Amino acid sequence: MLRSASEWNSAWCGRPRNGGRLSMPYQRPFRSRTAILRSSGLTRLSPKALKTSPENLVGKTCYEVSHGSTEPVSGCPHVQTLKKGVPAEVEIHNAEMGTYTIVSTYPMFSPSGEVVASVHISQDITERKRMQEKLMVTDRLASVGELAAGIAHEINNPLTGVLGFSELVPSSDIPVAIRQDVETIHSEAQRAVDVVKNLLVFARRHNQSRQELSVNEVIDKVLALRAYEQKINNIVVVTDFAEDLPAITADYFQLQQVFLNIVINAEFFMSRAHGRGKLLISIRLVEEASAIRITFVDDVPGIAIDTLPRLFDPFFTTKDVGQGTGLGLSISHGIVQAHGGRIWAECEPGKGAAFFIELPLSTPSSSEVQYVVR
Ligand SMILES: Nc1ncnc2c1ncn2[C@@H]1O[C@H](COP(=O)(O)OP(=O)(O)O)[C@@H](O)[C@H]1O
Ligand SMILES: [Mg+2]
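These remarks concern the structure in this document. In this numbering scheme, every chain counts its residues from 1 along its sequence in written order. Note on labels: chains are lettered from A, ligands numbered from 1, in written order. At least 70 in pLDDT is required for a residue's local features to be given in this predicted model, at least 80 for side-chain atom pairs to be given and counted, and no such filter applies to totals for whole chains, interfaces and linings, which use all residues. Only heavy atoms go into the side-chain values, all of them from the structure, while hydrogens and water stay out.

Attention now moves to the sheet that holds strand S2 (residues 99–109). Pairing within the open sheet is antiparallel, and its 3 strands lie in the order S1-S2-S3. Bordering the open sheet on either side are strand S1 (88–94) and strand S3 (115–124), each of which pairs with just one other strand. Neighbour-to-neighbour, the strand axes of the sheet open up by a mean angle of 25°, direction not taken into account. The pairing of S2 with S3 spans 9 bridges and is antiparallel. Paired with Met-108 across the strands is Ala-117, a residue of S3. Only heavy atoms matter for contacts: two residues are in contact if any of them lie within 4.5 Å across the pair. Axis geometry follows a simple rule: fit a line to the C-alpha atoms, using only the stretch in contact for helices, then measure angles between N-to-C directions, giving values from 0 to 180 degrees. Think of it this way: any DSSP run of H or I at least four residues long counts as a helix, any run of E at least two long counts as a strand, and we number them from the N terminus. Contacting S1, S2 and S3, helix H6 (residues 77–84) crosses the sheet at an angle of about 150° to S3. One bridge is not enough; two strands pair if DSSP finds at least two bridges between them.

See below:
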């Protein structure tokens, strides 16, 4: 009893900041089922996340449970605390479970002043980390957008000259070989103009033309536009649309652009991986968010987890040169954000790439949207 009281006292009085989840003495195995369940951190971790039952935890040390190791892992804060008698802290990323945890340890002293154990407080900071990552993406997109707008305007002027003059040349009397070269100059300049146009959509403040529309209908239209390409590329689309969804106020063409890009990306990566593909598209009302969620899941486990945060960066592409500009998702991100919504991607190991878009039922009016696509 006294020992338990001392553990809890050390855990809760000694911890330096903002609350922990779990306290337990180190180097002594877990004592009972109730002791484990009493500690909310472990309750969350076990038995599902630890892939075991509470009974299996009894009698084990924390390094066996958390790391599957027979001895303390390197950098273990408990070891430091036990050695030096001072608090220690470490941030742990568990890639398999996708969690981030801060583990803090505090020394427990015997009446004669020796360190007898370490108290462990584990704090799940996964949600905080996710928010930070999202903020970083938004911030980076905002600054790149501003830069891109300036550059796009500068590039547009000389491009107009190149286009205009290359259009004039072929009509004059010149050898065929040179004419072909000039035509190439012309078509490449036109390609550059298209890239700049896309960049401006991404970067520019512009007024949108919003109307009441049905998301189901926009997606249906997108699928109709892609039907032929999908047929010849063996792409099957399975739709699961909730019925009687409320209309939303949005810019039809901008939403079409967003959905088209995601569908075309999925088609591309599925065809490239196995010459066919199955794309699932579902539309649901998310009542707690007052939003409509559109989910696209393809059948290629193609996105490496470390590239996920970069997908929405301008010019990030894993397509070959000439096949992709890397602007589609960054433009989509801007459009969805301007509608007060959010867009994100997920990729669970072994499962296909999943893209999610949430559009709010009541969108801020255009005048309330100060920035638009950045
Ligand atoms: N369905 C998908 N499967 C795998 N990777 C994808 C998928 N959709 C997008 N990506 C990744 O995101 C990158 C950026 O996409 P996007 O901005 O549309 O540009 P682009 O299509 O020109 O490459 C792609 O090059 C690819 O790496
Ligand atoms: Mg694309």
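So, about the packing of aromatic side chains. Between rings of Phe, Tyr and Trp, where Trp is taken as its six-membered ring, a pair exists when centres lie within 6.5 Å; planes separated by under 30 degrees are stacked, by over 60 edge-to-face, and by other angles tilted. Per the stated rule, a full pass over the model turns up 4 aromatic pairs. Measuring from ring centre to ring centre gives 6.1 Å for Phe-259 and Phe-296, while their planes differ by 40°; the resulting arrangement is tilted. Within this pair, whereas Phe-259 is found in helix H10 (residues 252–274), its partner Phe-296 is found in strand S8 (residues 291–297), the two being separated by 37 residues in sequence. With respect to class, Phe-259 is no different from Phe-296; both count as buried. Partly exposed residues are those whose accessible area sits between 20% and 50% of the maximum for their type, while under 20% is buried and over 50% is exposed, using a 1.4 Å probe and protein chains only.

A word on the coordination of the magnesium ion (ligand 2). Nitrogen, oxygen and sulfur within 2.8 Å of a metal are treated as its donors, or within 3.2 Å for sodium, potassium and calcium (Na, K, Ca); water is not counted, so a site can appear incomplete. Within the first shell, the magnesium ion (ligand 2) binds the protein through Asn-261 (OD1) and Asn-265 (OD1), at distances of 2.3 to 2.4 Å. One end of the pair, Asn-261, and the other, Asn-265, are both in helix H10, 4 residues apart, so they sit about a helical turn from each other. Asn-265 sits in the buried class, given a relative accessible area of 14%.

The term salt bridge refers to a side-chain nitrogen of Lys or Arg lying within 4 Å of a carboxyl oxygen of Asp or Glu. As enumerated under the stated definition, the model contains 7 salt bridges in all. Asp-240 is the partner of Arg-284 in a salt bridge, and the nearest nitrogen-oxygen pair spans 2.6 Å. Linking Arg-284 in strand S7 (residues 277–286) with Asp-240 in strand S5 (residues 235–241), this pair joins segments that are 44 residues apart in sequence. On the accessibility criterion, Arg-284 (36% relative accessible area) is partly exposed. Judged by relative accessible area, Asp-240 falls into the partly exposed class, the value being 38%. The residue Arg-293 makes a salt bridge to Glu-358 at a minimum N-O spacing of 2.6 Å.

What the 5 strands build is an open sheet, ordered S5-S7-S8-S10-S9; its pairing is mixed. Bordering the open sheet on either side are S5 and strand S9 (342–346), each of which pairs with just one other strand. Sheet twist, expressed as the mean angle between neighbouring strand axes with direction ignored, is 15°. Summarising the sheet, S9 and strand S10 (residues 354–360) pair through 5 bridges and their orientation is antiparallel. Residue pairing in the sheet places Trp-344 in a bridge with Phe-356 of S10. Packing of H10 onto the sheet brings it into contact with S5, S7, S8, S9 and S10, and relative to S7 it is tilted by some 150°.

Whether a residue is near a molecule or strand depends on its heavy atoms: if one lies within 4 Å, it is near. Residues in contact with ligand 1 amount to 19 residues; listed here are only the nearest, Asp-298, Thr-317, Thr-318, Lys-319 and Leu-329. Residues adjacent in sequence count toward polar contacts only when both atoms are side-chain atoms; beyond that, a polar contact is any pair of N or O atoms within 3.5 Å, and within protein one must be able to donate a hydrogen and the other to accept it. Thr-325 places a main-chain nitrogen or oxygen 2.9 Å from an oxygen atom of ligand 1. Between ligand 1 and Leu-329 there is a distance of 2.7 Å, counted from an oxygen atom to a backbone nitrogen or oxygen. Surface exposure here means Shrake-Rupley accessible area, sampled with a 1.4 Å probe, where a residue is shielded only by the protein chains that are shown. Considered on its own, ligand 1 offers 540 Å² of accessible surface; in the complex 96% of this is hidden by protein. Elements with a contribution of two residues or more to the shell around ligand 1: H10 and helix H11 (328–338). Examining the composition of the shell around ligand 1, we find that 4 residues originate from one element, H10, more than from any other. Tallied by class, the residues present in the shell around ligand 1 amount to 9 nonpolar, 8 polar and 2 charged. Amino acid classes used here: Ala, Val, Leu, Ile, Met, Phe, Trp, Tyr, Cys and Pro are nonpolar; Asp, Glu, Lys and Arg are charged; the rest, including Gly, are polar.

Right, let's talk about the layout of surface pockets for a bit. The computed volume of the largest pocket comes to approximately 1200 Å³. Detection works on a 1 Å grid of protein atoms alone, calling trapped sets that fit a 1.4 Å probe cavities and calling open sets with protein on both sides within 12 Å along at least five of seven lines pockets, with lining residues defined by an atom within 4 Å of a point. Residue lining of the largest pocket: 29 residues in total, with Arg-130, Glu-133, Leu-308, Ala-345 and Glu-346 positioned closest to the centre. For the lining of the largest pocket, the secondary structure elements donating two or more residues are helix H7 (126–168), H11 and S9. The dominant element in the lining of the largest pocket, judged by the number of residues it contributes, is H7, at 6 residues. Residue classes in the lining of the largest pocket are distributed as 14 nonpolar, 6 polar and 9 charged. Start and end points for every domain follow an automatic or database-based domain assignment. Two domains each donate at least three residues to the lining of the largest pocket, and these are domain 1 (2–124) and domain 3 (206–374). Grid points are joined across faces, edges and corners, and a volume is the space filled by probe spheres set on the points.

Our focus in this paragraph is the nonpolar core. Nonpolar side chains in soluble globular proteins tend to end up buried together. The definition of a nonpolar core used throughout is a set of buried Ala, Val, Leu, Ile, Met, Phe, Trp, Tyr and Cys residues joined through side-chain atoms within 4.5 Å. Among the nonpolar cores identified, the biggest contains 42 residues, and Ile-219, Phe-259, Ile-294, Phe-296, Phe-355 and Ile-357 are the most heavily contacted of them. Ranked by residue count, the leading element in this core is H10, at 8 residues. In this structure Phe-259 touches Val-215, Val-218, Ile-219, Val-222, Ile-294, Phe-296, Ile-357 and Leu-359, once residues within four positions along its chain are discounted.

What sets the pattern is the α-helix's 3.6 residues per turn: residues three or four places apart point alike. Multiply 1.5 Å by the residue count of a helix minus one, and that product is the helix's expected span. In this model, helix H9 (residues 215–232) (18 residues) spans 26 Å end to end at C-alpha, consistent with the 26 Å of a helix rising 1.5 Å per residue. Most pronounced at Arg-226, the bend in H9 amounts to some 50°. For H9, the elements touching its buried residues are strand S4 (211–213), S5, strand S6 (248–250), H10, S7 and S8. Bend, at a single residue, is the angle you get between axes fitted to the 7 residues ending at that residue and the 7 residues starting at it.

A few words now on a nonpolar patch on the surface. Together, Leu-147, Ile-151 and Ile-155 make up a nonpolar patch on the protein surface, roughly 270 Å² of accessible area in all. Here Ile-155 lies in helix H7. Like-charged residues within 9 Å of one another, or nonpolar side chains (Val, Leu, Ile, Met, Phe, Trp, Tyr) within 5 Å, are grouped into patches, provided each residue has over 30% relative accessible area and no salt bridge.

Fair warning: the whole summary comes from geometry, so function is off the table for now.
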